[in-house]
Amino acid sequence: MTVLIAILVVGLISLAFGALLGFASVKFKVEGDPLAEQIDAILPQTQCGQCGYPGCKPYADAVANGEAINKCAPGGDDTIKKIADLMGVEPIAMDEAHETDNTPKVAFIIEEDCIGCTKCIQACPVDAIIGTTKQMHTIIADECTGCDLCVAPCPVDCIEMRPIPQTTRNWQWDLANIPVTQID
Amino acid sequence: METVIERIEQGRFWQFHGGIHPPEMKFLTTNKPIRTVSLPQRLVLPIQQHIGEAGELIVKPGDYVLKGQPLTKTTVPLAVPIHAPTSGTIASIENHIIAHPSGLNEMSVILMPDGEDRWRERHIVENYSQLDKNTLVEKIANAGIAGMGGAGFPTHIKVNTKAKIDFLIINAAECEPYITADDLLMREHAASVIEGIKILDKILEPAFILIGIEDNKPEAIDALNHEIKQFDKIKLCVVPTKYPTGGEKQLIKILTGKEVPSGVLPSSLGIVMQNVGTCHAIAEAVISDTPLIKRVVTVTGQALEKPQNVWALLGTPIEHLLQECQYPQQQKRHIIMGGPMMGFSLPNTQVPVVKTTNCILAPSEKEIPDANQEIECIRCGQCAEVCPAQLLPQELQWHAKAKDSEQLTKLNLFDCIECGACAYVCPSHIPLVHYYRVSKAEIRQQKLLDIKAEKAKQRFEARKARLERDKKAREEKHKKAAEARRARMNSGTEEANKEKSAVAAALARVQAKKAQQSGVQANTTNDDKKSQVADAIARAKAKKAGQSAPNGDAGDDKKQQVAAAIARAKAKKLAAKEQANDDSAEENINAVETKPTSAQDDKKARVAAAVARAKAKKLAAQEQPSDVGTDDTGKSPETISSTAEDAKKARIAAAVAKAKAKKLAANTESDDQRTEGEAEASTKDKDDVMAEAIVEPPQETSTSTQDDKKARIAAAVAKAKAKKLAANTGSDDQRTEGEAEASTKDKAEVTAEAVVEPMQETSTSAQDDKKARIAAAVAKAKAKKQAANADTDVKQVEGEAKASTKDKTNVTAEADVEAAGETSTSAQDDKKARIAAAVAKAKAKKLAEKAQKDNQTS
Ligand code: SF4
Ligand code: SF4
Ligand code: SF4
Ligand code: SF4
Ligand code: SF4
């Protein structure tokens, strides 16, 4: 009899705590960023498709599902390192099949050559090109991610990728160039 | 509050953490008055000399400007105008090296002084106390005043705060070694400085005004004391000399004991700080309507023979100042702009004086020795001891070297005022500040990139959503249109048949168009399409003629019937010789006769046709004994019913057409494949005649007309273009092959005929052909491009092909192709073709029904 009572009591207690825990887990659920979201936040969002996916988000999803982490050329080694840190794997070298030149560029339309075919608009993943049929097109440099996708479709080859010019706003101190100028 | 003032009155101040006492070196210039230098050859005025946005240029090269005339106007609040420092001509507006450690060029106005120094009209204000706040702020803004102590924050923004101000602090500390510009200014223009303070007082209405000045400037202190005697609100706070007392947060701490938290503006604590130089400029601007066009610059350093403070016009090249102060030519050039602690080396002495330039330091070599080799940090902790911002410089240094921006931000790197105290005391000669500068710039850049990435992401997603929406809308529209059409079709009017066929054709066209859009039809050449179109018509005609199923509604039909009658008559003649009647032929005749006829002629013709068919059958049986079953002949009697002559003609014509098509195709690999596919399809066809047709033609190629040539060139150009574009993706070839396969897969017997027969027609109308071909080439190029991206094309093509084969009557598939071909041709052709297609289809349908019936009956 006492054994039964003991079992009953212990059972009830465990039930009660189980319910409590269950409630707590629902009530205080921590909304963690899904892995893909976190990876997406690291990717440069150039939307260039060089990784073989139609944009950064699809690549982030793929990486979360086991795709190699070294396929984003615009992100370069920094991005690989960050993804490796996030996923807890070893950083690996940039995939050889991918271009490693990731100097920031923006597209530029040589406007007198443009025939207004709108092909480039259809190609641009971020709508950084303005223009309409038979009108000159131009690129909003601020919105352009430098993804290169508009260059190929242009039938008259009037789009070129230009490196972003250095100004005092994006200039970086160069350690080697700074003379040490203290006095004693 | 009270305690702060009490303490100040007692001369007791707080202390900020850390600080150092570097050699002051102020004696070089402190005992000499401010000198006015000669007018330089030219003035270089960068249009942006401060934090914020550049103003908008309102002068152009060649303009003559008066002293004090604005050169830019402000369009946004954070912009500050610049003014002509003297009268002269604008020589040019160009990129010129500016006062920035990068040595980069920025847009500058180059002014050639005429030496007359003629002022623009000025409005001297006798009594500024009558002006209201806004007018005062406006005057400050129009005078182009930006903080003259260092950063150059637009003053009108800083003083136009809504917050309630307890303390207006005037920064006269000038703690950095060598610099004496503010010292001299206070000594010589104390009255003006105090006027400026009073103007600020009127604008800000602070509870107290504190002037923070280091005790190493006794003469300036005397001068100020003299001026503020009768002005109780202003407290002159003489603080002990220590570097960096002049830092904003440090001076606030010393005078009020308040710590300004990280990322908080002093104005939110009720404190505004202004530099004495700025106060002087404000007084000038408000009282004598003089914009900021000159400033005191300490030109110092032991390399100079005559170091001195000078009144330098903004835009004066540093070189000019150095000459004025006798900088020896042979000297190894090393010029620092700003003080020795916080300044930067100038890449070039053509750099102009700007609003924030307070010191030009030309040290001798022994003054600033070459950098000692940096060695490892020994963790002595001295840097942390002296850091006025209470940071951990050695930790920052490690993270900076590791580029760990997260840790750096956590350690409040952005609170570092780059005072250089840590580097000054570091026994390992680590240039700590430089590491911080590099890291700061990198983090800032990264932040910009992050913002950009976020924007790109949003735009990308917005675009995706938009495309999705468009697609849905399009589908919706199509669905609605289809429903409307169906409703109309089912209304059961007299023209139901007509309608039905038209709808069917239209549907087919839409389908074909869609297919074309996704690159499916990319490969079907114009010839092909056209031939199929023509074929459909021809077959329909022939069938009709053969089976004489009268529609009786169109003139076309009549003609066809006549033509058929003639053909049949010929066949009759032939048949008469043979006089042989097959059972199956009879059956056919019976079947035909059960149909209601409209004309006697028709009947006769039909009988004749039946006879002819029977004959032809026999003939055919002899020629191809192993071949065609009777059912087949029954189904496609037109082939056989045609006389030998007709057949020959058709074959020749077909050959010509084919040859042409081949030649066209020869330009591109893919075309070849297609042609081969067709050829295969043809050869698979049981009808041997067709195979012959393919082999025969090449002789005829020489007959190609001029038009044809042109068309081919156009086609070639179009194709070449398309190819180039397509070259990026490998999917094209696949697609082409798919097409070829699709053709070969088509088992339907009639198709082969379709390929060959229609060629006659295409070759006969040279002009139409040309147009069509060009159009086709264009269409192809377009389609190819589109197709280049999609791998799924092949599948689609196959699907299409299957669809065709499934269709027993073949009519629909043909109509598809036909429609596709025609949509790309000129509008007129298009219309005609569509009508023809509709007619053909209607006929073909009827025929098919008939044929089925026949089969059943037989
Ligand atoms: S390669 Fe291009 S599309 Fe792919 S993740 Fe990197 S930036 Fe995004
Ligand atoms: S403009 Fe060209 S390079 Fe720039 S984002 Fe658009 S497609 Fe890419
Ligand atoms: S693709 Fe080239 S030609 Fe066509 S609109 Fe764009 S820039 Fe102009
Ligand atoms: S002063 Fe120099 S050596 Fe000492 S802890 Fe700081 S960085 Fe290291
Ligand atoms: S430079 Fe920065 S880290 Fe070094 S002492 Fe000054 S505030 Fe502190």
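So, how was this worked out
Residues numbered from 1 in each chain as written. Chains lettered and ligands numbered in written order. Predicted model: local features only at pLDDT ≥ 70, side-chain atom pairs only at ≥ 80, totals over all residues. Heavy atoms only, no water. Near = heavy atom within 4 Å. Helix = DSSP H or I, 4+ residues; strand = E, 2+ residues; numbered from the N terminus. Nonpolar A, V, L, I, M, F, W, Y, C, P; charged D, E, K, R; others polar. UniProt positions renumbered as here; feature names shortened; annotations may be inferred. Contact = heavy atoms within 4.5 Å. Buried < 20%, exposed > 50% of the residue type's maximum accessible area, 1.4 Å probe, protein only. Pairing = 2+ DSSP bridges. Axes fitted to C-alpha atoms, helices over the stretch in contact; angles between N-to-C directions. Patch = residues over 30% accessible without salt bridge, like charges linked within 9 Å, V, L, I, M, F, W, Y side chains within 5 Å. Areas by Shrake-Rupley, 256 points an atom, 1.4 Å probe, with all protein chains shown as cover. Salt bridge = Lys/Arg side-chain N within 4 Å of Asp/Glu carboxyl O. Parallel < 35°, antiparallel > 145°, perpendicular 65-115°, else oblique. Left-handed = near helix turned anticlockwise from the far one by under 90°.

**Student:** Help me understand the site of ligand 5, please; the structure alone is not making it clear to me.
**Tutor:** All names here are of chain B. Near ligand 5, the surroundings consist of 13 residues, among which C387, C416, C419, G420 and C422 are the closest. Those elements that place two or more of their residues in the shell around ligand 5 are α14 (421–425) and α15 (432–489). Across the shell around ligand 5, the residue classes tally to 11 nonpolar, one polar and one charged.

**Student:** Explain the site of ligand 3 to me, please; I cannot follow it from the model alone.
**Tutor:** Near ligand 3 you find 14 residues, and of these C114, C117, T118, C120 and C154 of chain A are the closest. Of the residues that constitute the shell around ligand 3, the class distribution is 10 nonpolar, three polar and one charged.

**Student:** Which parts of the structure should I look at to understand the UniProt feature "binding site: [4Fe-4S] cluster 2" (unreviewed entry) in chain B?
**Tutor:** All names here are of chain B. Here the UniProt feature "binding site: [4Fe-4S] cluster 2" (unreviewed entry) sits at C387, C416, C419 and C422. Taken along the chain, the residues just named run across 36 residues; in space they keep tight, none of their C-alpha pairs more than 10.5 Å apart. Following the sequence through the fold, C419 ends up in the loop between α13 (405–410) and α14. If sequence neighbours within four positions are ignored, C419 has contacts with Y243, P244, M341, M342 and P388. Mapped onto the secondary structure, C422 falls in helix α14. Classification of C422 as buried rests on a relative accessible area of 6%.

**Student:** Can you help me understand the side chain of D40 of chain A in this one?
**Tutor:** In this fold, D40 of chain A is placed in helix α2 (residues 35–42). Sequence-distant contacts of D40 of chain A, defined by excluding residues within four places in its chain, comprise Q45, C56, K57 and A60 of chain A together with K457 of chain B.

**Student:** Looking at this structure, how should I read the pairing of strand β11 (residues 271–275) of chain B?
**Tutor:** Successive side chains on a regular strand alternate, one facing one side of the sheet and the next facing the other. Residue and element names in this part refer to chain B. Among the five residues that make up β11, five are buried, leaving the element largely enclosed by the rest of the structure. With burial as the criterion, each face of β11 is covered, one bearing I271, M273 and N275 and the other bearing V272 and Q274. Bridge analysis of strand β8 (residues 167–172) against β11 gives five bridges, and the strand direction is parallel. Within β11, the position partnered with L168 by the bridge is V272.

**Student:** Help me understand unusual backbone geometry in this model?
**Tutor:** Outside of glycine, negative phi angles account for most residues, and trans bonds account for most peptide bonds. With an omega dihedral of -5 degrees, the bond running from Y243 of chain B to P244 of chain B counts as a cis peptide bond. With respect to the helices and strands, P244 of chain B occurs in the loop between β10 (234–239) and α8 (248–256). Its identity as a non-glycine residue notwithstanding, D127 of chain A has a phi of 50 degrees, on the positive side. Tracing the chain through its elements places D127 of chain A in the loop between α5 (119–123) and β2 (129–130). One non-glycine residue, Y178 of chain B, lies in positive phi territory at about 75 degrees. Mapped onto the secondary structure, Y178 of chain B falls in the loop between β8 and α5 (181–188). For Y178 of chain B, a relative accessible area of 1% corresponds to the buried category.

**Student:** I tried to follow the sheet that holds strand β9 (residues 208–214) of chain B on my own but got confused; where do I start?
**Tutor:** Each strand in a sheet pairs with another by means of backbone hydrogen bonds, the pair being arranged parallel or else antiparallel. Residues and elements named next belong to chain B. Pairing is parallel across the open sheet formed by four strands, whose spatial order is β10-β9-β8-β11. Two strands lie at the open edges of the sheet, namely β10 and β11, each paired on one side alone. Between one strand axis and the next, the sheet turns by 25 degrees as a mean value, whatever way the strands run. Both β8 and β9 contribute to a ladder of six bridges, which runs parallel. Bridge pairing in β9 places I170 opposite I211. Here helix α7 (residues 218–228) sits on the sheet in contact with β9 and β10, set at roughly 165 degrees to β10. Against the sheet, α8 touches β8, β9, β10 and β11, its axis set at about 120 degrees to β8.

**Student:** Hey, could you run me through the sheet that holds strand β14 (residues 336–337) of chain B in this one?
**Tutor:** All names here are of chain B. On the basis of which strands lie adjacent, the open sheet formed by six strands has the order β1-β13-β12-β16-β14-β15 and mixed pairing. Two strands in the sheet have a free side with no partner beyond their single neighbour: β1 (35–36) and β15 (344–345). Here β14 runs beside β15; their pairing, made up of two bridges, is antiparallel. Paired with M337 across the two strands is F344, which belongs to β15.

**Student:** What is the right way to look at a nonpolar patch on the surface in this model?
**Tutor:** Residue and element names in this part refer to chain A. Taken together, M1, V3, L4, I5, I7, V9, I13, F17 and L20 make up a surface patch of nonpolar side chains, about 960 Å² in accessible area. Positionally, I13 belongs in helix α1 (residues 2–27). On the basis of relative accessible area, I13 is assigned to the partly exposed category, the value being 43%.

**Student:** Sorry, what's going on with the packing of helix α3 (residues 133–142) of chain B against helix α6 (residues 190–204) of chain B here?
**Tutor:** Two quantities define a packed helix pair, namely the angle between the axes and the distance from one axis to the other. Residues and elements named next belong to chain B. Relative orientation of the contacting elements α3 and α6 amounts to 130 degrees, with a least axis distance of 9 Å. What the angle tells us is that α3 and α6 run oblique. Both α3 and α6 take part in a crossing whose hand is left-handed. When α3 is examined against α6, the residues K133, L136, V137 and I140 are found in contact with a partner set consisting of I199, K202 and I203. Each residue belonging to the contact of α3 with α6 can be placed in one class, and the counts come to five nonpolar, no polar and two charged.

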